[in-house]
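# Coordinates in review
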Amino acid sequence: MKLSAVSSKSEIGNVLQNLSITKDWIVKLEKQGADFILFPELNLSGYTKNIEILDNVLAHKEVVFRELLQLTEQVNAAFAVGFPEKVESRYYISHFLFHKGKLIGIHRKTHLGATEKETFNEGDEINIFEVGELKIGLQLCFETHFPEISYAQVKQGANVLAMAFASPREEAVTKLERFKRFLPARAYDNACFVVACNLDSETENLIKIPPVALVLNAKGEVLKETTQNSCISEIGLEQIEKIHQSRMGNFNKSKRASLFQKYYEENESNGRRKQ
């Protein structure tokens, strides 16, 4: 079984070009045997918080999704792509999972950065989605800094955490090293695989978003990494079962979740008082 991460090039608002690049990568990586391909946050629209651009992008949604659904009938690989959503008057940063002619999952970003909250709303669901033997938990950029999300997805049965970023600034090598400081903990503590990629683009203020992609095993070890545009790695799900059967490696089995509950309740109460 193979996981792939693509740090695809993306231009803000240029939906059809971004779509063409995405489709080319899917075809290329499917030929290399990829079972699941992850694309970055908002890769089809480009990373934007501009309402006018978002509305122009959303006008292409029917065409974009029709072409992606058609492509799923030509390839065996599942793939997850980034595109904004508008539900009534609410905008979301979302990721969409396609496989075998169907849209099988939508993840709306549950935790937004400060400037994102000026445009977008937060999603309220943490789910996983099944692709054959793979049980995938999608996360978007800022969300990956909240270990509870990974824990919640693994508790639902996730064996792969798919983390899509649009993280600006830093050179690619520096960004990769930063990812490698905290993403291995998500894999190691939860005994699951992690696949992650950053957008290859620029912000609206022309700040570089550097290409980074990596795949980690269930012990948090790097299987593949790149500061170019894609990586692909073979994984073995039996590694997770081996960890689960060990006396000490399956940390979540020993977690006393109820012990932490009062601290969350206190934080929520303090937050309401401050407001």
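The present account deals with the structure reproduced in this document. (Residues numbered from 1 in each chain as written. Predicted model: local features only at pLDDT ≥ 70, side-chain atom pairs only at ≥ 80, totals over all residues. Heavy atoms only, no water.)

## Quick word on the packing of aromatic side chains
In the structure shown here, the tally under the stated rule is eight aromatic pairs. A centroid spacing of 5.8 Å and a plane angle of 70° characterise the contact between F65 and F83, whose relative ring orientation is edge-to-face. Separated by 18 residues along the polypeptide, F65 in helix α3 (residues 61–72) and F83 in strand β3 (residues 78–87) bring together distant segments of the chain. Here F65 and F83 have matching classes, each one buried. Arranged with centres 6.3 Å apart and planes meeting at 85°, the rings of F179 and F182 form a pair that is edge-to-face. On the criterion of helical spacing, the pair formed by F179 and F182 is a turn pair, its members being three residues apart in helix α5 (residues 172–190). Taken individually, F179 and F182 each receive the classification buried, so the pair is uniform in this respect. Members of the aromatic cluster, joined through ring pairs, are F65, F79, F83, F96 and F98. Here the guanidinium or amino end of K61 rests over the ring plane of F65, the centre of that ring lying 5.2 Å away. (Phe/Tyr/Trp six-rings, centres within 6.5 Å; stacked < 30°, edge-to-face > 60°. Helix = DSSP H or I, 4+ residues; strand = E, 2+ residues; numbered from the N terminus. Buried < 20%, exposed > 50% of the residue type's maximum accessible area, 1.4 Å probe, protein only. Lys NZ or Arg CZ within 6 Å of the ring centre and 35° of its normal.)

## A word on helix α4 (residues 147–155)
Along α4, the residues that are buried comprise I149, S150, Y151, Q153 and V154. Phi turns positive, to about 110°, at G157, one or two residues after α4.

## A short note on helix α6 (residues 238–245)
By the burial criterion, the buried members of α6 are Q239, I240 and I243. Considered in projection along α6, the buried side chains sweep an arc of 100° and stay on one side of the axis. In α6, those exposed residues whose orientation departs by more than 90 degrees from the buried face are E238, K242 and Q245. Elements that come into contact with the buried residues of α6 comprise β9 (193–198). (Arc of directions from axis to C-beta. Contact = heavy atoms within 4.5 Å.)

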